[in-house]
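Understanding the architecture of this molecule
One-letter residues, chain by chain:
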Amino acid sequence: MDKKAKIEILKKILAIESVNDNETEVADYIASLFANYSTAKIEKVSYAPHRDNLVITIGNSGPILGYSGHMDVVAPGNLTDWSTAPFEPTIKNNCVFGRGAADMKGGLAALVVALLELLEKKSELPGQIRLLATVGEETGEYGAAQLTKLGYADKLAGLLIAEPTDNMQRIVYTARGVIDYKVTSKGKSAHSARPQYGINAIDNLVEFYKLAKARLAKFTATDEVLGGVTHNITVIHGGEQVNNIPSYAELLGNIRTIPQYPNKLFYAELEQIIAELNKQKGFSLAITYSFPEEAIPGSPDSPIIQIAKKVHSKYWEKPAAITGSLGANDGAEFLQAKGSFNSIVIGPGSNTSHQSNEYVAIDSYLKAIDFYQDFAITFLSAQSAK
């Protein structure tokens, strides 16, 4: 495949407005690229209307290497902050600009083209490559969760996720987990001049706020790569009008976890606070969670890292940094599949994720395609030789 065709595939994927929805159009386009290859197994897995995951498997029997990328993007934000239309991919200064260019349609397109080229060249793979293109990563990794439950990640030999890592200059082997939670507080409305007849839902929520901040502060361990646990209350809503005692309030909290602390420890702490407060007169609190993810452990000395470093050195003079990620990714779900395997994250893309004027450097994108092909063959050969 020539350079122009590779860039055109990237631009077509970027042009699809899959803002936390509409991933089916992305999946259909990618599936169409593989339609003429009888050896490629193409499976669409529906999550919801207009939201289909896509699984493409190529190769022969033997170990399976997972390649993963998500098809959704975040909203472009204020359009006046963009120098080009976010869903009209534009080439400037040897970069492609557009929403999702870095996070992570650049990486997804590179994976797709890598597999297409392996098919074009009729490369004999010592195993299989399974592309797991997911929905909903930006809002909770629920596409990855669905594919994991259905067994698509079972017994992988390894997993590579093409999230951006400073134009392929970092290889990530560990990542923080995340717990997003919501606490609701029900009270009783009354005139603010007669507060004794009401129950102030905001006051009760503040009591939870204070206890949660204090008690979660005891998780003081740090990870040498990821740092410590963070806990922030990020959204608060409540009340009806200024002269009413509020009958309802809610807050949203965000915890970033590390491998030293399983998520269940935080659930237990938060739910204990809720139980204690609800024993007091007038309190009616409840807590729910939104797609929590465990932290991803790993070792910088694992075989998949060593192979990635070796292959990386063939395409870049500067060695890749072996590091961790403060953000969560689909690997947290896939690693819950049957079997035992390690995951890494390495992908093209600048540090403009979620920003206006998001871009991916063309040179980085093209090198990523070559890297993904080489890595797949090298990794599967090593696994087959065991």
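Above this note sits the structure.
As the structure is a computational prediction, the values presented were derived from the model and not from experiment.

1. Let's talk about the overall build of the chain
Secondary structure summary: the chain contains nine helices and 19 strands in total. Computed over C-alpha atoms, the radius of gyration of the chain comes to 23 Å, within 12% of the 21 Å expected from 2.2 N^0.38 for 386 residues, which places it in the range of a compact globule. Summarising its shape, the C-alpha atoms of the chain cover approximately 80 × 45 × 40 Å along the three principal directions. Going through the 386 residues of the chain one by one, you find that 52% of them count as buried. Residue pairs at least 24 apart in sequence account for 80% of intrachain contacts in the chain once pairs closer than 6 positions are excluded. Carbon and sulfur atoms make up 50% of the accessible area of the chain, which amounts to about 16700 Å² in all.

2. A look at unusual backbone geometry
Most peptide bonds take the trans form, and the phi angle of most residues other than glycine is negative. At the junction of Asp103 and Met104, the peptide bond is cis and its omega measures out at -20° in the coordinates. For Met104, the location among the structural elements is in the loop between β5 (95-97) and α3 (105-120).

3. Description of the packing of helix α1 (residues 3-14) against α3
For any two helices packed against each other, one specifies the inter-axial angle together with the distance between the axes. Where α1 meets α3, the axes come as close as 9 Å, and the angle between the chain directions of the two elements is 135°. The orientation of α1 relative to α3 falls into the category oblique. Crossing angle aside, the handedness with which α1 passes α3 is right-handed. Residue-level contacts link Lys6, Ile9, Leu10, Ile13 and Leu14 of α1 to Lys105, Gly106, Ala109, Val113, Leu116 and Glu117 of α3. For the contact of α1 with α3, the residue count by class is seven nonpolar, one polar and three charged.

4. Focus on the packing of aromatic side chains
On inspection of all chains with the given rule, the structure shows 14 aromatic pairs. Measuring from centroid to centroid gives 4.9 Å for Tyr142 and Phe291, while their planes differ by 45°, and the two rings are tilted. Residue Tyr142 is found in helix α4 (residues 142-149), and its partner Phe291 is found in the loop between β16 (285-289) and α7 (303-312); the two are separated by 149 residues along the sequence. Given the relative accessible area of 10%, Tyr142 is considered buried.

5. Section: the layout of surface pockets
In this model, the largest pocket occupies a volume close to 670 Å³. Residue lining of the largest pocket: 27 residues in total, with Asp103, Glu137, Gly327, Ala328 and His354 positioned closest to the centre. Taken together, the elements giving at least two residues each to the lining of the largest pocket come down to β8 (170-175) and β9 (177-186). When grouped by side-chain class, the residues that make up the lining of the largest pocket number six nonpolar, twelve polar and nine charged.

6. A closer look at the sheet that holds β9
Here four strands make up an open sheet; going across it, the order is β13-β15-β9-β16 and the pairing antiparallel. With one partner strand each, in any of the chains shown, β13 (230-238) and β16 form the two edges of the open sheet. On average, each strand axis in the sheet is tilted by 20° relative to the strand beside it, whichever way the strands run. The pairing of β9 with β16 spans five bridges and is classified as antiparallel. Counted as the bridge partner of Thr184 is Ala286 from β16. The strands touched by helix α5 (residues 201-216) are β9, β13, β15 (248-257) and β16; relative to β15, the strand with the most contacts, the crossing angle is about 15°. Contacting β9, β15 and β16, helix α6 (residues 263-278) runs over the sheet at an angle of about 165° to β16.

7. A short note on α6
Taking 1.5 Å of rise per residue, the 16 residues of α6 would be expected to cover 22 Å, and the 23 Å separating its terminal C-alpha atoms lies within 8% of that figure. The complete set of buried residues in α6 reads Asn263, Phe266, Glu269, Leu270, Ile273, Ile274 and Leu277. For α6, the arc enclosing every buried residue in end-on projection is 135°, short of the 170-degree limit, so these residues lie on one face. Where the residues of α6 are buried, they touch β9, α5, β15 and β16.

8. A few points about the environment of Pro76
By the secondary structure assignment, Pro76 is in the loop between β3 (64-70) and β4 (90-92). If we skip the residues at most four places from it in the chain, Pro76 touches Val19, Trp82, Pro86, Phe87 and Arg99.

9. A short note on helix α2 (residues 23-34)
Over its twelve residues, α2 runs 17 Å from end to end, which matches the ideal 16 Å to within 8%, given 1.5 Å per residue. Taken together, the buried positions of α2 are occupied by Glu23, Thr24, Val26, Ala27, Tyr29, Ile30, Ala31 and Phe34.

10. Topic: the nonpolar core
Counting 65 residues, the largest nonpolar core has Ile30, Tyr67, Phe371, Tyr372 and Phe375 as its most contacted members. Not counting chain neighbours up to four residues away, the residues in contact with Tyr67 comprise Leu111, Leu115, Ile129, Arg130, Leu131, Leu132, Leu159, Leu160, Tyr372, Phe375 and Ala376. Ala201, Leu216, Ala249 and Ile287 belong to the second-largest nonpolar core, a separate cluster that totals 24 residues.

Here is what the cut-offs are and how they apply
Residues numbered from 1 in each chain as written. Predicted model: local features only at pLDDT ≥ 70, side-chain atom pairs only at ≥ 80, totals over all residues. Heavy atoms only, no water. Helix = DSSP H or I, 4+ residues; strand = E, 2+ residues; numbered from the N terminus. Rg over C-alpha atoms; globule rule 2.2 N^0.38 Å. Buried < 20%, exposed > 50% of the residue type's maximum accessible area, 1.4 Å probe, protein only. Contact = heavy atoms within 4.5 Å. Areas by Shrake-Rupley, 256 points an atom, 1.4 Å probe, with all protein chains shown as cover. Axes fitted to C-alpha atoms, helices over the stretch in contact; angles between N-to-C directions. Parallel < 35°, antiparallel > 145°, perpendicular 65-115°, else oblique. Left-handed = near helix turned anticlockwise from the far one by under 90°. Nonpolar A, V, L, I, M, F, W, Y, C, P; charged D, E, K, R; others polar. Phe/Tyr/Trp six-rings, centres within 6.5 Å; stacked < 30°, edge-to-face > 60°. 1 Å grid on protein atoms, 1.4 Å probe; cavity = no way out; pocket = protein on both sides within 12 Å on 5 of 7 lines; lining within 4 Å. Points joined across faces, edges and corners; volume = space filled by probe spheres on them. Pairing = 2+ DSSP bridges. Expected span 1.5 Å × (residues − 1). Arc of directions from axis to C-beta. Core = buried A, V, L, I, M, F, W, Y, C linked by side-chain atoms within 4.5 Å.

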